[in-house]
Amino acid sequence: MYKVKGNIILENPLPNTTHLEDLVFYQGPLVTLKESNGEKYVWVWVDVNDVCDRWYVFKTTNEKVSFWREKEFVFDFISEAIEDGPMYFVNTDLEGKFVAAWDTNLQEFSEY
């Protein structure tokens, strides 16, 4: 896996996360909408190794997700779905449980 530059976070920054729906699915979820503490987050699958998956996670709103869904190639319009707020790379084990996170930004995600 690519080494991320942000500060490592060992306690889950998005506790009590609930899966709402998969927005893009191909042999598994690639883009998923989840909720944590009443706020919505988009989880974009970016990497995997033998023990975990890595996700790029950013805050969003229903309006931004609706607009984003209308696009033919959603990955070209990720920045338009982002709401002001924290952004993370999150590693989950292969069962989807939190392992670690790193704070990040859109530029680092685009370089990943």
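Residues numbered from 1 in each chain as written. Predicted model: local features only at pLDDT ≥ 70, side-chain atom pairs only at ≥ 80, totals over all residues. Heavy atoms only, no water.

Peer 1: Just to check I follow, could you spell out the environment of Val 57 for this structure?
Peer 2: Note that Val 57 resides in strand E5 (residues 52-60). Along the primary structure Val 57 and Phe 109 are separated by 52 residues, whereas in three dimensions their C-alpha atoms are 9.7 Å apart. Apart from residues lying up to four places away in sequence, Val 57 is in contact with Leu 14, Tyr 41, Val 42, Trp 43, Pro 86, Met 87, Tyr 88 and Val 90. (Helix = DSSP H or I, 4+ residues; strand = E, 2+ residues; numbered from the N terminus. Contact = heavy atoms within 4.5 Å.)

Peer 1: Just checking my understanding: could you explain the nonpolar core for this structure?
Peer 2: Looking at soluble globular proteins, one finds that nonpolar side chains tend to be buried together. Formed by 17 residues in total, the largest nonpolar core has its most connected members in Val 42, Val 44, Tyr 56, Phe 58 and Ile 78. For this core, the secondary structure elements donating two or more residues are strand E3 (29-36), strand E4 (39-48), E5, helix H1 (62-69), helix H2 (78-81), strand E6 (87-93) and strand E7 (98-103). Beyond its immediate stretch of four places on either side in the chain, Tyr 56 contacts Val 42, Trp 43, Val 44, Val 46, Ile 82, Met 87, Tyr 88, Phe 89, Thr 104, Asn 105, Leu 106 and Phe 109. One finds Trp 43, Val 57, Tyr 88 and Ala 101 within the second-largest nonpolar core, a separate group that totals 8 residues. (Core = buried A, V, L, I, M, F, W, Y, C linked by side-chain atoms within 4.5 Å. Buried < 20%, exposed > 50% of the residue type's maximum accessible area, 1.4 Å probe, protein only.)

Peer 1: Even after reading the chapter, I still don't get the packing of aromatic side chains, so can you show me in this structure?
Peer 2: What characterises a pair of aromatic rings is the spacing of the ring centres plus the angle enclosed by the ring planes. Going through the model one piece at a time under the given rule, you end up with 6 aromatic pairs. Between Tyr 2 and Tyr 112, the ring centres sit 4.8 Å apart and the planes meet at 80°, which makes this aromatic pair edge-to-face. Taken together, the residues Tyr 2 in the segment before strand E1 (8-9) and Tyr 112 in the segment after helix H3 (106-111) connect sequence positions 110 residues apart. The class for Tyr 2 is partly exposed, based on a relative accessible area of 34%. Assessed through its relative accessible area of 24%, Tyr 112 is described here as partly exposed. Summarising the aromatic geometry, the rings of Trp 43 and Trp 55 are spaced 6.2 Å apart at their centres and angled 70° between planes, so their arrangement reads as edge-to-face. Linking Trp 43 in strand E4 with Trp 55 in strand E5, this pair joins segments that are 12 residues apart in sequence. For Trp 43, a relative accessible area of 6% gives the class buried. An aromatic cluster is built from Tyr 2, Tyr 56, Phe 58, Phe 89, Phe 109 and Tyr 112, whose rings are joined through pairwise contacts. Note that Lys 34 overlies the ring of Trp 55, its terminal NZ or CZ placed 5.9 Å from the centroid. (Phe/Tyr/Trp six-rings, centres within 6.5 Å; stacked < 30°, edge-to-face > 60°. Lys NZ or Arg CZ within 6 Å of the ring centre and 35° of its normal.)

Peer 1: In this structure, what is going on with the sheet that holds E3? I would like to understand it.
Peer 2: Across a sheet, strands are paired by hydrogen bonds formed along the backbone, either parallel or antiparallel in direction. Across the sheet, which stays open at both edges, the 7 strands sit in the order E1-E7-E6-E5-E4-E3-E2 with antiparallel pairing between neighbours. In this open sheet, the two edge strands, each paired with only one partner strand, are E1 and strand E2 (18-25). Those strands touched by H1 are E2, E3, E4 and E5, and its axis lies near 20° from that of E2. (Pairing = 2+ DSSP bridges. Axes fitted to C-alpha atoms, helices over the stretch in contact; angles between N-to-C directions.)

Peer 1: For this particular structure, what's the right way to read the pairing of E4?
Peer 2: Where a strand is regular, its side chains alternate between the two sheet faces. As paired strands, E3 and E4 are joined by 6 bridges and run antiparallel to one another. Across the sheet, residue Thr 32 finds its bridge partner in E4, namely Trp 43. Once E3 ends, the chain turns through 2 residues before running back antiparallel as E4, passing Asn 37 with a positive phi of about 55°. In the sheet, E4 pairs with E5 via 8 bridges, with the strands oriented antiparallel. The residue of E5 that forms the bridge with Asp 47 is Arg 54. Adjacent in sequence and paired antiparallel, E4 and E5 are bridged by 3 residues.

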